[in-house]
Amino acid sequence: MDQVKIFDTTLRDGEQSPGCSMNLKEKIEIARCLEKLKVDVIEAGFAIVSPGDFESVKTISETVKDCTVASLARATVKDIDAAWEAVKGAADPRIHVFIATSPLHMEYKLRMKPEEVLEQAGKMVAYAKKFCSNIEFSAEDATRSDLDFLSRVTEIAIANGATTINLPDTVGYTTPGEMRHLIEYVRAHAAGSEKAIFSVHCHNDLGMATSNSLAGVLGGARQIECTINGLGERAGNTALEEVVMAIHTRQDTYNVETRIDTTQIYRSSKTVYNIIGQTAPLNKAIVGKNAFAHEAGIHQHGVLANKKTYEIMTPEAVGIVANNLVLGKHSGRHAFTQRIEELGYTLTKEEIDRCFEEFKDVCDKKKNITDADLEAIVTHHTANLIQEVDENGYVLDWFQTSTSNFTTATCTVSLKKDEEKFQAVALGDGPIDAAFNAIDQIIKPSEHSFDIFSINSISEGKDTLGDVTVKISSHNKTFTGRGLSTDIIEASVNAYLTAMNRLAAYEAKAKEAE
Ligand code: KIV
Ligand code: ZN
């Protein structure tokens with residue numbers, strides 16, 4: 001059976017989307033996840049964009065051993081130089097060169113004539129090839145390009161050394177029939193096409209990214225570019241979990257396979273959502289909470305009689321482990337550790353110690369601890385590790401709020417720092433705003449924007465844990481804080497404090513460096 005390569009661009013196209021920017025440690029954590037998932041290619045970033053992007057592509061290149069690592073580059077010498085410098089330490093480096101080929105993009109964005117685009121594409125692929133044997137060429141906005149022009153640029157790219165030809169649906173405009181035709185047409189009309197692997201890269205503006213990518217496979221594409229959870233600009237990119245499970249479940253139709261370890265899908269999805277401070281929509285295909293839930297009586301009856309009546313794939317296939325063990329106050333460390341391992345997490349002894357401590361705290365407030373609670377405890381702990389909680393920052397001592405639907409909320413907050421205590425009281429639009437205002441009075445933060453504040457409930461029931469994410473930005477950097485508690489005000493205060501402490505630590509470091 002033919003293999004389809006899975007090219008993951010969560011760290012480049014995904015990270016480009018608003019609210020999804022990540023720091024270096026977060027990117028490395030995701031790269032490790034992608035390696036475990038066994039993607040073929042990790043597009044680690046766009047090296048020329050900033051020193052931070054360069055650094056992360058370089059670090060990921062030096063960290064990942066079992067996947068190709070690519071950097072994006074426009075078809076210019078400067079971009080290609082930066083891309084090569086960043087990926088050259090990889091076990092299998094790739095330079096991904098792109099230029100737009102649609103009449104609209106060539107005229108209004110590039111301000112280049114079609115002939116100039118052809119020449120630049122050829123010259124720059126040849127330039128990249130001097131450094132690296134593995135070259136991908138992308139014809140940006142391919143789905144709105146003239147098919148014969150696309151065939152010409154493809155044959156020039158291949159003649160100059162491109163080994164992968166990517167034909168992206170940059171604006172999410174195409175349809176499955178058109179996508180299949182486009183791949184078939186270019187493969188049939190570009191001289192040398194048999195020497196390259198054809199690739200699809202679809203955006204989801206019309207909700208067709210998955211279908212379009214799979215149609216590309218039917219047309220002969222053997223690489224799919226995608227992101228975990230379909231992250232990406234506007235409506236996102238093709239979701240990795242969707243195309244992989246479609247190929248896996250419908251081999252009768254696609255007759256191809258991937259090397260993905262599907263049992264890592266759920267955990268990878270969780271890791272990415274956790275890092276960007278979001279959760280899967282309940283009905284999200286493959287990884288949403290309801291994706292394998294059968295509530296309607298008629299469905300339950302069928303599933304009990306024979307799972308295949310309503311289940312086209314098993315939750316276990318994507319790494320959702322059936323839970324027959326509920327943990328609680330009396331559960332010991334052994335049961336806790338065993339369940340964490342069954343859920344797919346590998347923690348060090350110190351990490352287990354800290355998570356077990358938090359688990360015991362949660363048990364005091366909540367009777368039954370579900371897998372979702374356990375995962376929240378672990379991912380919350382790892383997120384704080386990745387984001388480097390400032391041990392010398394402010395910590396919550398206590399808070400007290402007073403609120404009603406007919407008075408202004410007030411909150412008194414007491415914070416501790418190096419054994420010194422600080423207290424402040426403030427009003428606000430609700431108790432959380434009041435708590436944040438009180439914290440601001442103590443910390444006196446420098447100017448920042450408040451980008452994300454989200455509260456998610458972890459499990460069912462009124463005593464559910466609230467998982468709060470706060471993202472603030474300052475100095476062109478994002479600072480994230482997470483808080484987890486059955487009390488959402490406490491969770492919010494802890495999340496806000498963590499983000500603020502990180503901002504303060506960053507400023508202190510910058511001052512020291514001056
Ligand atoms: O959407 C797109 O066209 C891209 C290319 C740069 C590959 O992301
Ligand atoms: Zn894209």
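Residues numbered from 1 in each chain as written. Chains lettered and ligands numbered in written order. Predicted model: local features only at pLDDT ≥ 70, side-chain atom pairs only at ≥ 80, totals over all residues. Heavy atoms only, no water.

A.B. asks: Please clarify how the coordination of the zinc ion (ligand 2) should be interpreted in this entry.
C.D. replies: Put simply, the ideal angle at a metal is 109.5 degrees for four donors in tetrahedral geometry and 90 or 180 degrees for six donors in octahedral geometry. Looking at the zinc ion (ligand 2), one finds its protein donor set to be Asp 13 (OD), His 201 (NE2) and His 203 (NE2), positioned 2.0 to 2.1 Å from the metal centre. Sequence spacing among the residues donating to the zinc ion (ligand 2) works out to D-x187-H-x1-H. One end of the pair, Asp 13, is in helix 1 (residues 10-14); the other, His 201, is in strand 8 (residues 197-202), with 188 residues separating them in the sequence. When its relative accessible area of 3% is taken as the criterion, Asp 13 is described as buried. When its relative accessible area of 5% is taken as the criterion, His 201 is described as buried. (Donors = N, O, S within 2.8 Å, 3.2 Å for Na, K, Ca; no water. Helix = DSSP H or I, 4+ residues; strand = E, 2+ residues; numbered from the N terminus. Buried < 20%, exposed > 50% of the residue type's maximum accessible area, 1.4 Å probe, protein only.)

A.B. asks: What exactly am I supposed to notice about the sheet that holds strand 9 (residues 223-226) here?
C.D. replies: Sheet architecture is closed into a barrel: eight strands sit in the order 2-3-4-5-6-7-8-9, paired in parallel fashion. Each adjacent strand pair in this sheet contributes to an overall mean axis angle of 25 degrees, direction not counted. By the bridge criterion, six bridges tie strand 4 (residues 68-74) to strand 5 (residues 93-100) in an arrangement that is parallel. In the strand pairing of strand 5, Arg 74 is matched with Phe 98. Docked against the sheet, helix 6 (residues 114-131) engages strand 5 and strand 6 (135-140), running at close to 170 degrees with respect to strand 5. Strands strand 7 (164-169) and strand 8 of the sheet are contacted by helix 8 (residues 176-189), whose axis makes an angle of about 150 degrees with strand 8. (Pairing = 2+ DSSP bridges. Axes fitted to C-alpha atoms, helices over the stretch in contact; angles between N-to-C directions. Contact = heavy atoms within 4.5 Å.)

A.B. asks: Hey, could you run me through the nonpolar core in this one?
C.D. replies: If you look at soluble globular proteins, the nonpolar side chains tend to sit buried side by side. In terms of nonpolar packing, the biggest core is built from 91 residues, with Val 39, Ile 42, Ile 95, Phe 137, Ile 165, Leu 167 and Ile 224 touching the most fellow members. Here the element with the most residues in this core is helix 6; it accounts for seven residues. Both domains that meet at this core, namely domain 1 (2-276) and domain 2 (290-319), each give it at least three residues. Ignoring anything within four residues of it in the chain, the contact list for Ile 165 reads Phe 137, Thr 154, Ala 157, Ile 158, Ala 196, Ile 197, Phe 198 and Ser 199. Core analysis: the second largest hydrophobic core is formed by 28 residues, Tyr 394, Ile 432, Ile 439 and Ala 495 among them. (Core = buried A, V, L, I, M, F, W, Y, C linked by side-chain atoms within 4.5 Å. Domains from an automatic or database assignment.)

A.B. asks: What's the story with the layout of surface pockets in this structure? I'm lost.
C.D. replies: Using a probe with the size of a water molecule, rolled over the atoms, empty space left in the structure can be pinpointed. What the largest pocket holds in volume is close to 1,400 Å³. Taken together, 47 residues line the largest pocket, and the ones lying closest to its centre are Tyr 266, Lys 270, Lys 289, Ala 372 and Glu 375. Among the elements of the structure, helix 12 (265-276), helix 16 (371-386), strand 14 (449-457) and strand 15 (466-474) are those that each provide at least two residues to the lining of the largest pocket. Of the residues forming the lining of the largest pocket, the biggest block, six residues, is contributed by helix 12. For the lining of the largest pocket, the residue count by class is 16 nonpolar, 19 polar and 12 charged. (1 Å grid on protein atoms, 1.4 Å probe; cavity = no way out; pocket = protein on both sides within 12 Å on 5 of 7 lines; lining within 4 Å. Points joined across faces, edges and corners; volume = space filled by probe spheres on them. Nonpolar A, V, L, I, M, F, W, Y, C, P; charged D, E, K, R; others polar.)

A.B. asks: What's the story with the environment of Glu 233 in this structure? I'm lost.
C.D. replies: Relative to the elements of secondary structure, Glu 233 occurs in the loop between strand 9 and helix 10 (240-249). Given the relative accessible area of 29%, Glu 233 is considered partly exposed. Ignoring sequence-local partners within four residues, the contact set of Glu 233 consists of Asp 13, Gln 16, Ser 17 and His 203. Here the side chain of Glu 233 touches Gln 16 through a polar contact of 3.1 Å, side chain to side chain. (Polar contact = N/O pair within 3.5 Å; in protein donor to acceptor, adjacent residues only side chain to side chain.)

A.B. asks: Can you help me understand unusual backbone geometry in this one?
C.D. replies: Trans is the common state for peptide bonds, and a negative phi is the common state for residues other than glycine. Backbone geometry at Arg 111 places phi at a positive 50 degrees, although glycine is not the residue there. Considering the arrangement of structural elements, one finds Arg 111 in the loop between helix 5 (103-110) and helix 6. In the Ramachandran plot, Ile 286 falls in the positive-phi region, its phi being about 70 degrees despite a non-glycine side chain. Topologically, Ile 286 is positioned in the loop between helix 12 and helix 13 (297-305).

A.B. asks: I would appreciate a short explanation of the environment of Val 326 in the present structure.
C.D. replies: Residue position: Val 326 is located in the loop between helix 13 and helix 14 (333-342). Residue contacts for Val 326: discarding those within four places in its chain leaves Asn 368 and Ile 369.

A.B. asks: Can you help me understand the packing of aromatic side chains in this one?
C.D. replies: Any two aromatic rings considered together are summarised by their centre-to-centre distance and by the angle between their planes. In the structure shown here, the tally under the stated rule is 12 aromatic pairs. Through a chain of ring-to-ring contacts, three or more aromatic side chains come together here, namely Phe 436, Phe 450, Phe 453 and Tyr 496. In this structure, Arg 267 packs its charged tip against the face of Tyr 345, placed 5.4 Å from the ring centre. (Phe/Tyr/Trp six-rings, centres within 6.5 Å; stacked < 30°, edge-to-face > 60°. Lys NZ or Arg CZ within 6 Å of the ring centre and 35° of its normal.)

A.B. asks: In this structure, what is going on with the site of ligand 1? I would like to understand it.
C.D. replies: The environment of ligand 1 is made up of Arg 12, Asp 13, His 96, Phe 98, Ser 138, Glu 140, Asn 166, Pro 168, Thr 170, His 201 and His 203. A distance of 2.9 Å is found between an oxygen atom of ligand 1 and a side-chain nitrogen or oxygen belonging to Arg 12. Within the side chain of His 201, one N or O atom sits 3.1 Å away from an oxygen atom of ligand 1. For the shell around ligand 1, the secondary-structure elements that each account for two or more residues are helix 1, strand 5, strand 6 and strand 7. In terms of residue class, the shell around ligand 1 is built from two nonpolar, six polar and three charged. (Near = heavy atom within 4 Å.)

As far as function goes, none of this settles anything; it's purely spatial.
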